[in-house]
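# Summary of structural features
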Amino acid sequence: MTGIRARGVNARTAPTEIRDAVTRYLQRRRYDAEPRWPLVFSVRWPDQRTLTAQAPDWHKANNALREWAQRQGCPVTNKHRLMVTPVELIDTVTVADEQTALRIADRTSARHYRKARQRIDLLANECSIPRDTAASVAKMLDSESDVDVTLVIRAAQFFGAHDATGLTPRQVPLAGFSAKWLDQTHRRNVICTLCGKDSLGLSDRPPELRMRWLDPAYSNEPEMMITRPWRPGGERDIRYVIIVENKDTYQSMPDIAHGLCVWGAGKAILASIVLLLPWLATARPDDGDDSSPQVVYWGDMDADGLEILDAVRHTGVRCQSLFMDLEAYQRYSWFGTNLASTSTPLTSREPKATPTLGFGERELYLLTCGKAVGQSGESGLSDGPSHLRVEQERIPLIDAADALRSLGWPIAANNDKETQ
């Protein structure tokens, strides 16, 4: 197999440079089907005048490199140079094979390399696939645990022998697996590669939405769960629709005459809103259409919440936002957090294009992405946000009721649920 002529290394620092280069090579090439060997390093020496003037130092460097190469099992070639008297200086150092490279590289990189090669061997043998395919799949599984790699192999063997067309990922009868294990699209793609299939034929869960009447005339009716397109009918005149991100807020919204509350459940709303409530995408209250309901979206004050707001508007739903701009953040930021539900720190992110966001919404989005906004001395936010998230549930419902009243929504004063 053809080797690789590596870059030159300085004679005095050759052992360190070779170790670093070999480490990088193992990191980059651990998922190659067949990494190329040997690696040949040429050794750079100074000009004749410097060699002669500093002969003892260069003799020492030559001997040290020769001893290091011998300990590592690396063959060397020599060239004749003159340092007062003729000497043989090392011309090249060769890392002949994988085992030699693993001795030279740092321990962490060597361990990762061995793990990758073991996974390639396992996939090739257990799934009877070409080695280049096994290497590609092993790279796709780089972040998966050893247990999950074993499960991927078992799943591929199952799908290779069974047709699961039409089942949802959680309905596939994989013995010993969590029902949620196949939910990850990444794993299904890996299994397809191992099986040589374009698709596993699995079906997505049908989208669903939960809604409840806010109109006190229907307050005794149970909430609705819809899985197919739905339109209000009969005498139910819906004039106000509020979409909320979180369940606690959904369950606690105050009574609103002719009102409907939709639980968006975060990003899930994007797959269901227009499919299941198509009339929201055609509503045009701002065009003077008295029959169209007013729609408000209320989500968390964080980057995800504002991206969802932007995406909802892209579906065609014309909606105002509630407490999702910089002014609201300045009012409620003391309710904020920099921790996720797992108690891990929230991290900043690069902002996306959000063309439907208004000025104050966009400022809040940039802020919750971790960017400074405003002018120094104005908002106090020029050094960035104090918190990256203010969750919807933290804002008192009495404030939400007041804000909706200011939009003309018919919420009776002293509504009992406002104080809950």
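Definitions and cut-offs
Residues numbered from 1 in each chain as written. Predicted model: local features only at pLDDT ≥ 70, side-chain atom pairs only at ≥ 80, totals over all residues. Heavy atoms only, no water. Helix = DSSP H or I, 4+ residues; strand = E, 2+ residues; numbered from the N terminus. Rg over C-alpha atoms; globule rule 2.2 N^0.38 Å. Buried < 20%, exposed > 50% of the residue type's maximum accessible area, 1.4 Å probe, protein only. Contact = heavy atoms within 4.5 Å. Core = buried A, V, L, I, M, F, W, Y, C linked by side-chain atoms within 4.5 Å. Phe/Tyr/Trp six-rings, centres within 6.5 Å; stacked < 30°, edge-to-face > 60°. Lys NZ or Arg CZ within 6 Å of the ring centre and 35° of its normal. Salt bridge = Lys/Arg side-chain N within 4 Å of Asp/Glu carboxyl O. UniProt positions renumbered as here; feature names shortened; annotations may be inferred. Axes fitted to C-alpha atoms, helices over the stretch in contact; angles between N-to-C directions. Parallel < 35°, antiparallel > 145°, perpendicular 65-115°, else oblique. Nonpolar A, V, L, I, M, F, W, Y, C, P; charged D, E, K, R; others polar. pLDDT = per-residue confidence, 0-100. Expected span 1.5 Å × (residues − 1). Arc of directions from axis to C-beta.

Tallying secondary structure elements over the protein chain gives 15 helices and eleven strands in all. Taken over C-alpha atoms, the radius of gyration comes to 33 Å for the protein chain, far larger than the 22 Å a tight globule of 420 residues would show. Seen through its C-alpha atoms, the protein chain measures out along the principal axes to roughly 105 × 65 × 35 Å. A buried classification covers 45% of the 420 residues belonging to the protein chain. Taking contacts inside the protein chain between residues at least 6 apart in sequence as the whole, the part at least 24 apart equals 64%.

Formed by 61 residues in total, the largest nonpolar core has its most connected members in W230, I242, L260, L277 and W298. If we ignore the near neighbours within four places in the chain, the residues touching L277 are L209, M211, I226, W230, V262 and S272. Grouped together as the second largest cluster of nonpolar side chains are 34 residues, V9, V22, V93 and I104 included.

Before going further, it helps to examine the packing of aromatic side chains. This model, assessed by the stated rule, comprises 13 aromatic pairs. Arranged with centres 5.4 Å apart and planes meeting at 70 degrees, the rings of F323 and Y332 form a pair that is edge-to-face. Each member of the pair F323 and Y332 is classed as buried. When the ring centre of Y250 is taken as reference, the NZ or CZ atom of R212 above it lies at 5.9 Å. Just above the ring of W213 sits the side chain of R236; from NZ or CZ to the centre is 4.7 Å.

Let's shift gears to the pattern of salt bridges. Following the criterion strictly, the structure yields 22 salt bridges and no others. Between D302 and R389 there is a salt bridge, and its shortest N-O distance comes to 2.8 Å. Linking D302 in the loop between β10 (294–298) and α12 (303–314) with R389 in the loop between α14 (359–368) and α15 (397–406), this pair joins segments that are 87 residues apart in sequence. Using a relative accessible area of 4% as the deciding quantity, one classes D302 as buried. We classify R389 as buried; its relative accessible area is 16%. Beyond isolated ion pairs, a larger network of salt bridges with shared partners links D304, E307, R349 and K352.

Let us now look at the UniProt feature "domain: DUF3322" (unreviewed entry) in the protein chain. The sites that carry the UniProt feature "domain: DUF3322" (unreviewed entry) are, in the present numbering, residues 15–190. From the first C-alpha to the last, residues 15–190 spans 40 Å; its make-up is 56% helix and 14% strand.

What follows concerns the packing of helix α6 (residues 131–140) against helix α8 (residues 185–195). In the contact formed by α6 and α8, the axes pass within 10 Å of each other and the chain directions differ by 175 degrees. By the angle between their directions, the pair α6 and α8 is classed as roughly antiparallel. Where α6 approaches α8, its residues T133, V137 and M140 are matched on the opposing element by H186, N189, V190, T193 and L194. Split by residue class, the contact of α6 with α8 holds four nonpolar, four polar and no charged.

What follows is about the confidence of the model for the protein chain. On average, residues of the protein chain score 90 in pLDDT, and 93% of them reach the 70 mark or higher. When the elements of the protein chain are averaged for pLDDT, strand β1 (residues 4–5) gives the smallest value, 77, and helix α4 (residues 98–104) the largest, 97. Confidence drops under pLDDT 50 across residues 375–380; counting only partners more than four residues distant or on other chains, this segment forms five contacts.

As a further point, take helix α3 (residues 55–72). The end-to-end C-alpha separation of α3 is 26 Å, in line with the 26 Å expected for 18 residues at 1.5 Å each. Here α3 has its buried residues at A55, W58, A61, N62, L65, W68, A69 and Q72. Each buried residue of α3 lies within a common arc of 160 degrees when the element is viewed along its axis, so the set occupies one face. Pointing more than 90 degrees away from the buried face of α3 are the exposed residues P56, K60, Q70 and R71. Structurally, α3 contributes buried residues whose contacts are with α1 (14–29), β3 (39–44), α2 (48–53), β4 (76–83), β5 (85–95) and α4. G73 lies just past α3 and shows a positive phi near 80 degrees.

A cis amide bond links W37 to the next residue, P38, at an omega of 0 degrees. Its place among the elements puts P38 in the loop between α1 and β3. Although it is not a glycine, F323 sits at a positive phi angle of roughly 55 degrees. You can see F323 is positioned in the loop between β11 (320–321) and α13 (326–332). One non-glycine residue with positive phi stands out, namely S343, at about 70 degrees. Looking at where S343 falls in the secondary structure, it is placed in the loop between α13 and α14. Of the residues examined, S343 reaches a relative accessible area of 55% and is grouped as exposed.

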